[in-house]
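Here are the chains, one letter per residue:
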Amino acid sequence: MDIAQTSLQPLLEGLVVFTLPLSIIAFILGLILAVFTALARISTVKIFQWIARFYVSIIRGTPLLVQLFILFYGLPTLGIVIDPFPAAVIGFSLNVGAYASEIIRAAILSIPKGQWEAAQMIGMTYSQSLQRVILPQATRVSIPPLSNSFIGLVKDTSLASLILVTEMFRRAQEIAATNYEFLLLYVEAAAIYWIICFFLSIIQGRLEHRFDRYVTR
Amino acid sequence: MITINGLHKQFGQLEVLKGIDLKINKGQVVVVIGPSGSGKTTLLRCLNILEVPTSGSITIDDQTTDFSTKVPKKSVDALRKKSAMVFQHYNLFPHMTVLQNVMEGPIIVKKLSKVDARKRAENLLVKVGLGDKLDFFPHQLSGGQQQRVGIARALALEPKVMLFDEPTSALDPELVGEVLQVMKDLADEGITMVVVTHEMRFAKDVADEVIFMDQGKIIERSEPNEMFTQPKEERTRQFLNLIQVH
């Protein structure tokens, strides 16, 4: 019990200093990337479509861990050296961007054509229609799957331990390596991940409720 | 007010409008009838350029746009501004209140100040009998109420021509009357209207002229009385028999 208590502080430190910031920054950057990728996919300009398809295909078609290794251990060969944390941010952002772009694309396509037409009819441009009419409604549709992505991301950040980011799971590994309490420390880390994700689910529920106020369905 | 010359519209191999010529005067209420697939809705949508015609030209007010060559975007926007559409399925913005729905066009597109846009929207909503529903969301209203918001939203753009695409077709029968009444009031105010509808009673009572379309062409146009009692064309007669005008 003592070990559980003394190890709690470094674990939480890893959580607050790396795991959460990494998750949040990567998710925000990833979402921005995802919106543009989704728009490129549904654009009528062929070259945009191809670039978006290629990007999504590469990211979805290769393991996240391999991507992180290329960024952190591979690129220095080309003289590009990135510190662990920024490398993790880049890796996870690219990953979120690709997966979330499919969610956002589907959400945009789920908005009835009549909404585009009504926006057009009152004289809106494409980008005005998108910003004022389509995306606000698409946001509502995409909250459940995006919450899924975010929860997945929080747990995936444990992979950053393998590129030397001293996030929570790496702290657990380091402590366990000195006192051999593997089960205890890994279960402790697991419990903290679970608590975080539990609260995220609650936030998801609140968000859904808020966005549901304008629909009865 | 509206002049249409040689208007064609093709969807791939399918020719939906096969050369429409039409003149509509200021203040006229024109009802377009015809069997489904006759092109009446497409004609209406072409007037607001929700469909881009394949060839021909449209003039509304002082704006002429010729579709036979590649049309500049500016010319499309200028023509679209002349009309406003009321949709069969209302197409209100569900994430905005009734008031916001009506204010959106004037603020975003016409660059009206919020105060002015709000005043205009409130006046119009009072006019269509929804002065007490300003802060409701569309889903909290009945179909008839939603469609009246749709009419107010279109009016807020101050168009030269109001276009109605089967405005009562999606409504429960008991809600049709309230929408038709609002349309009737607009007609009495002298607003130029083009209405695609199956409401023959409305056509009889309100229209200055009825146009019968079939297979992408205008078959016959005349005053409602004449159209309904002594149609000149056999196809018109068949259609009117089918829908049984009382």
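What this report covers is the structure whose coordinates are included nearby. Predicted, not measured: the structure shown is a model, and the values here were computed from it. (Residues numbered from 1 in each chain as written. Chains lettered and ligands numbered in written order. Predicted model: local features only at pLDDT ≥ 70, side-chain atom pairs only at ≥ 80, totals over all residues. Heavy atoms only, no water.)

**Structural notes on the interface of chain B and chain A**
Between chain B and chain A, the contact holds 23 residues from the first and 20 residues from the second. A buried area of about 2000 Å², summed over both sides, lies between chain B and chain A, and 63% of it is on carbon and sulfur atoms. Of all residues in chain B, F93(B), H95(B) and H139(B) give up the largest surface area on contact with chain A, accounting jointly for 27% of the area buried on that side. Viewed at the interface, chain A and chain B are joined by 2 salt bridges. With a shortest N-O distance of 2.6 Å, E117(A) and R45(B) are connected by a salt bridge. At the junction of chain B with chain A, the criterion picks out 5 residue pairs in polar contact (both at pLDDT 80 or more). (Contact = heavy atoms within 4.5 Å. Buried area = accessible area lost by both parts, 1.4 Å probe. Salt bridge = Lys/Arg side-chain N within 4 Å of Asp/Glu carboxyl O. Polar contact = N/O pair within 3.5 Å; in protein donor to acceptor, adjacent residues only side chain to side chain.)

**Comments concerning the pairing of strand β10 (residues 217-222) of chain B**
Residues and elements named next belong to chain B. Sheet analysis places strand β9 (residues 209-214) next to β10, joined by 5 bridges and oriented antiparallel. Among the inter-strand pairings, V210 is bridged to a residue of β10, identified as S222. Between the antiparallel neighbours β9 and β10 lie 2 residues, among them Q215 with a positive phi of about 50°. (Pairing = 2+ DSSP bridges. Helix = DSSP H or I, 4+ residues; strand = E, 2+ residues; numbered from the N terminus.)

**A short note on the environment of E209(B)**
All names here are of chain B. Looking at the element boundaries, E209 is found in strand β9. Separated by 33 residues in sequence, E209 and L242 have C-alpha atoms that sit 21 Å apart. When sequence neighbours within four positions are dropped, the list of residues in contact with E209 reads Q28, V29, V30, V31, R221, S222 and P224. A polar atom in the side chain of E209 sits 2.5 Å from the side chain of R221.

**A few points about the packing of aromatic side chains**
Tallying each qualifying case throughout the model produces 11 aromatic pairs over all chains. A centroid spacing of 6.1 Å and a plane angle of 50° characterise the contact between F182(A) and Y186(A), whose relative ring orientation is tilted. Of this pair, F182(A) and Y186(A) both sit in helix α8 (residues 182-211), 4 residues apart, which is roughly one turn of that helix. Assessed through its relative accessible area of 30%, Y186(A) is described here as partly exposed. Through pairs of rings, three or more aromatic residues link up here, namely F169(A), Y180(A), F182(A) and Y186(A). Directly above the aromatic system of F11(B) lies the positively charged group of K9(B), at a separation of 4.9 Å from the ring centroid. Across the ring face of F136(B), the terminal group of K133(B) is positioned such that the distance to the ring centre comes to 5.0 Å. (Phe/Tyr/Trp six-rings, centres within 6.5 Å; stacked < 30°, edge-to-face > 60°. Buried < 20%, exposed > 50% of the residue type's maximum accessible area, 1.4 Å probe, protein only. Lys NZ or Arg CZ within 6 Å of the ring centre and 35° of its normal.)

**Structural notes on the sheet that holds strand β4 (residues 55-60) of chain B**
All names here are of chain B. Taken together, the 4 strands give an open sheet; going across it, the order is β2-β1-β4-β5, and neighbouring strands pair in antiparallel fashion. Two strands lie at the open edges of the sheet, namely β2 (14-24) and β5 (63-66), each paired on one side alone. For this sheet the average axis-to-axis angle between neighbouring strands, irrespective of direction, equals 15°. Note that strand β1 (residues 2-11) and β4 share 5 bridges and pair antiparallel. Residue pairing for β4: I2 is matched across the bridge by I60. Against the sheet, helix α1 (residues 40-47) engages β1, β2 and β4, with an angle of about 115° to β1. (Axes fitted to C-alpha atoms, helices over the stretch in contact; angles between N-to-C directions.)

None of this, on its own, says anything about what the molecule does.
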